[in-house]
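# Commentary on secondary and tertiary structure
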Protein chains: 2
Amino acid sequence: MNKEKKIYVVGIGPGSYEGMTGAAVAALEKSDVIVGYTVYIDLVKDHFAGKSFLTTPMRKEVDRCVMAFDEAMNGQTVSMICSGDAGVYGMAGLMYEVGANYPDVDIEVVAGVTAATGGAAVLGAPLIHDFCLISLSDLLTPWEKIEKRLLLASEADFVICLYNPSSHKRHDYLKKACELMLQHKSPDTVCGIVKNIGREGESSQIMTLDELKDTQVDMFTTVFIGNSQTRNIKGKMVTPRGYRDV
Amino acid sequence: MNKEKKIYVVGIGPGSYEGMTGAAVAALEKSDVIVGYTVYIDLVKDHFAGKSFLTTPMRKEVDRCVMAFDEAMNGQTVSMICSGDAGVYGMAGLMYEVGANYPDVDIEVVAGVTAATGGAAVLGAPLIHDFCLISLSDLLTPWEKIEKRLLLASEADFVICLYNPSSHKRHDYLKKACELMLQHKSPDTVCGIVKNIGREGESSQIMTLDELKDTQVDMFTTVFIGNSQTRNIKGKMVTPRGYRDV
């Protein structure tokens, strides 16, 4: 009987070892080879001695997938790791797309804590009610589509969590996004930002949407914009469960 | 020096012990008392022998919070547990609201894997791009608000994940929701449902939005509606990372 060819696509959570699920730890322990972007490999390396680690730089995602499948085809059990959850702006989708060329390899996604819920825990409880995630990166998505989502999500009074709010080339995108959201949300809307969730240098701040508009954030920051009910309770960002009294 | 009065609000993930993060396990191990809804206590009980377990029935959420704070005020270290993530339709918000009356008690939220990302891992990779979570429960939210969100989220071409898609009293809500989404989404939109995520009897199914409209689901099911790019790749529900070729 042939050994099953297997790749785990593993979300390692926001960054600390403690943030990984038991299932994620087990997948890495069962693996011969761990593949990932350099920064994520560095986060887990010390906890999984004796494994082979393979890295590729950012933006070489397809190469990274092919590398993982090649190892699996050679009989290695492989984990492809992502920060947060592999299924939220992560590698799980591309692994299934590339995996169509490797029908003998079984793919198993192992869920992790994504930055939205990890960051929410730092801020308090901003995501208690309906919310949406929007990435401000226009690398693979036309800006007009992002703009439309920001406007409609604001009109629908969702709590909004922004991923990739900034980069060197896109330093004014958060400001542009805030201006769009201000068409439907009050300038007093309670907002929060969290930097380096679950990693060294974790920090957070609560502010109004009007203040957020003029705040510079970096690419390691996750941004939260409340709904019309979100409140600042003693420095914590809290969205109530509903619109009726409990 | 007084002992710090401490409550952890802990997301235990979809259900299995393996789905808990290391930080969640550590919080429960540090606790004297574990408080939760009966079903969740039963999920963790065997792994945390020697702890005191306190339960309240569903819908007694405020009582459950007060119970937790009373234990903390008596010097006990307490964990309040929720399934999934405590910050997503969970108890974290109410704990901060009730906690305003207990200024001496420190609240720490420990993030977990919510049904959206846990279920996504079962279906493939449906949440790779912008998505939103909408609860169909109108217990605390007027149906008109839910309806507006379904329409605007569909118009924005979000992937949509539905929590609480059904109950005894609301057996036709998923059908109503599908009819609204069909105003902006194609009947061929790839959808998926996952039942009992991470628990005994886990099962999943992929179908079109048109088929979903006439599907009966129960309250232990999480429902996923793709965006216009979501595809069925060999039985897996996969949303591409963007709108341009990679």
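Counting starts from 1 at the beginning of each chain's written sequence and moves along it residue by residue. The lettering of chains begins at A and the numbering of ligands begins at 1, in the order of writing. Reporting in this predicted model follows two pLDDT cut-offs: at least 70 for local features of residues, and 80 or more for side-chain atom pairs to be given and counted; totals over whole chains, interfaces and linings ignore these cut-offs and use all residues. The side-chain quantities take in all heavy atoms of the structure and omit both hydrogens and water.

Looking up chain A in an unreviewed UniProt entry gives the name Precorrin-3B C(17)-methyltransferase, with the organism given as Blautia segnis.

## Details of the overall build of chain A
We apply this condition: Runs of E in the DSSP output that reach at least two residues are strands. Runs of H or I that reach at least four are helices, and both are numbered from the N terminus. As defined in this context, the radius of gyration uses C-alpha atoms, and a globule is described by 2.2 Å times the residue total to the power 0.38. Under the scheme applied here, a residue whose accessible area is under 20% of the maximum for its type counts as buried, over 50% as exposed, and between as partly exposed, the area being computed with a 1.4 Å probe on protein chains only. Residue contacts follow a heavy-atom distance rule, with two residues in contact if any of their heavy atoms lie within 4.5 Å. For every accessible area listed, the method is Shrake-Rupley and the probe measures 1.4 Å; residues are considered covered only by the protein chains on display. Residues counted as positive are Lys and Arg, residues counted as negative are Asp and Glu, and His and the chain ends are not counted. We put the charge of a Lys on NZ, of an Arg on CZ, of an Asp on CG and of a Glu on CD.
The helix and strand tally for chain A stands at eight helices and 13 strands. Over its C-alpha atoms chain A spans a radius of gyration of 20 Å, differing by no more than 12% from the 18 Å that the globule rule assigns to 246 residues. Dimensions of chain A, computed from the C-alpha atoms along their principal axes, are close to 65 × 35 × 35 Å. Counting every position in chain A, which comprises 246 residues, the buried fraction comes to 58%. Put simply, 69% of the contacts in chain A that link residues at least 6 apart link residues at least 24 apart. For chain A, the exposed surface amounts to about 9,900 Å²; the carbon and sulfur share of it is 47%. Averaging the locations of the 25 positively and 31 negatively charged side chains of chain A gives two centres separated by 2 Å.

## Some points on the nonpolar core
What counts, and what does not: Buried Ala, Val, Leu, Ile, Met, Phe, Trp, Tyr and Cys residues that are joined via side-chain atoms within 4.5 Å together make up what is termed a nonpolar core.
One finds I7 and V9 of chain A together with I7 and V9 of chain B to be the most contacted residues of the largest nonpolar core, which totals 58 residues. Ignoring anything within four residues of it in the chain, the contact list for V9 of chain A reads M80, A86, M91, A92, M95, I107, E108, V109 and V110 of chain A. L174 and M181 of chain A together with V217 and I225 of chain B belong to the second-largest nonpolar core, a separate cluster that totals 52 residues.

## Brief notes about a nonpolar patch on the surface
Put simply, the test is: Residues enter patches when they are more than 30% accessible in relative terms and free of salt bridges; like-charged ones are connected within 9 Å and nonpolar ones (Val, Leu, Ile, Met, Phe, Trp, Tyr) within 5 Å. A pair is scored as a salt bridge if a Lys or Arg side-chain nitrogen falls within 4 Å of a carboxyl oxygen belonging to Asp or Glu.
On the surface, M58, M219 and F220 of chain A cluster together into a nonpolar patch covering about 310 Å² of accessible area. Residue M219 of chain A is classed as partly exposed on the basis of its relative accessible area of 43%.

## Overview of the packing of aromatic side chains
Counted only if it meets this: By convention, a stacked pair of Phe, Tyr or Trp rings (six-membered ring in the case of Trp) has centres within 6.5 Å and planes under 30 degrees apart, an edge-to-face pair has planes over 60 apart, and any other such pair is tilted. Whether a charge sits over a ring depends on NZ of Lys or CZ of Arg being within 6 Å of the ring centre and within 35 degrees of the ring normal.
For the structure on display, the rule yields 10 aromatic pairs over all chains. Where F69 of chain B meets Y102 of chain B, the ring centres are 4.6 Å apart and the plane angle is 10°; that geometry is what we call stacked. Remark: Y102 of chain B occurs in the loop between α4 (92–99) and β5 (105–110) and F69 of chain B occurs in helix α3 (residues 61–73); sequence separation between them is 33 residues. Residue F69 of chain B shares its accessibility class with Y102 of chain B, and that shared class is buried. Over the ring of F158 of chain B we find R149 of chain A, and its NZ or CZ is 5.5 Å from the ring centre. Positioned over the ring face of W143 of chain A is K176 of chain A, at 4.6 Å from the centre of the ring.

## Here's the deal with the interface of chain B and chain A
We apply this condition: We define buried area as the total accessible area lost by two parts upon association, computed with a 1.4 Å probe and summed across both.
Every contact between the two is made by 67 residues of chain B and, on the other side, 66 residues of chain A. Of the roughly 5,700 Å² buried between chain B and chain A on both sides combined, carbon and sulfur atoms contribute 60%. Three residues stand out in chain B for area buried against chain A, namely L140, R149 and R241 of chain B, and they jointly supply 13% of the buried area on that side. At the boundary of chain B and chain A, one finds 10 salt bridges.

## Comments concerning the domain arrangement of chain A
All names here are of chain A. Here is the rule: An automatic or database domain assignment is the source of the domain bounds shown.
Split into domains, chain A comes out as domain 1 (5–113) and domain 2 (116–238). Centre-to-centre, using C-alpha coordinates, domain 1 lies 28 Å away from domain 2. Facing the 11 residues of domain 1 at the interface are 10 residues of domain 2. Between domain 1 and domain 2, a total of about 770 Å² is buried, with carbon and sulfur atoms accounting for 62% of that surface.

## Considering the sheet that holds β5 of chain B
Residues and elements named next belong to chain B. For clarity, the threshold we go by: For two strands to count as paired, DSSP must find a minimum of two bridges between them. Axis geometry follows a simple rule: fit a line to the C-alpha atoms, using only the stretch in contact for helices, then measure angles between N-to-C directions, giving values from 0 to 180 degrees.
Taken in spatial order, the five strands line up as β3-β2-β4-β1-β5 in an open sheet, and their pairing is parallel. Of all the strands in the sheet, just β3 (52–56) and β5 have a single pairing partner and so form its edges. With strand direction ignored, the average angle separating the axes of adjacent strands in the sheet is 20°. In this structure, strand β2 (residues 33–37) lies alongside β3, joined through five bridges in parallel fashion. Of the residues in β3, the one forming a bridge with V35 is L54.

## Observations regarding the environment of A116 of chain B
All names here are of chain B. By the secondary structure assignment, A116 is in helix α5 (residues 115–123). Take A116: its relative accessible area is 1%, and that puts it in the buried class. Counting along the chain gives 47 residues from A116 to Y163, while the straight-line C-alpha distance between them is 8.2 Å. In this view, A116 contacts L127, L133, C161, Y163 and F224; residues no more than four positions away in its chain are not counted.

## Topic: the pattern of salt bridges
Tallying each qualifying case throughout the model produces 20 salt bridges over all chains. The shortest N-O distance in the salt bridge between E97 of chain A and R231 of chain B comes to 3.3 Å. Linking E97 of chain A in helix α4 (residues 92–99) with R231 of chain B in strand β12 (residues 231–233), this pair reaches from one chain into another. As a salt-bridge pair, D157 of chain A and K145 of chain B come within 2.9 Å of each other at their nearest N and O atoms. Here K145 of chain B lies in helix α6 (residues 143–155) and D157 of chain A lies in the loop between α6 (143–155) and β8 (159–163), a pairing that spans two chains. Classification of D157 of chain A as buried rests on a relative accessible area of 9%.

## Some thoughts on unusual backbone geometry
We note that Y89 of chain B has phi near 50°; this positive angle belongs to a residue other than glycine. Among the secondary structure elements, Y89 of chain B is positioned in the loop between β4 (78–82) and α4.

## Here we look at the relation of the copies chain B and chain A
In this structure, two copies of a chain are linked by a rotation about an axis accompanied by a shift along it. Rules: Residues reaching a pLDDT of at least 70 in both copies supply the C-alpha atoms on which the copies are superposed by least squares.
By a simple turn and slide, chain B fits onto chain A: the slide is 0.0 Å along the axis, the RMSD is 0.0 Å, and the turn is 180°. When the rotation and shift are considered jointly, the pair of chain copies conforms to a two-fold rotation axis.

## A closer look at helix α1 (residues 22–30) of chain B
All of the buried residues in α1 of chain B are A24, V25, A26, A27 and L28 of chain B. Tucked inside the fold, the buried residues of α1 of chain B contact β1 (5–11), β2, α2 (38–44), β4 and β5 of chain B.

## Here we look at the environment of E144 of chain A
Residue and element names in this part refer to chain A. Here E144 is to be found in helix α6. When its relative accessible area of 58% is taken as the criterion, E144 is described as exposed. In sequence terms E144 and M237 are 93 residues apart; their C-alpha atoms lie 30 Å from each other.

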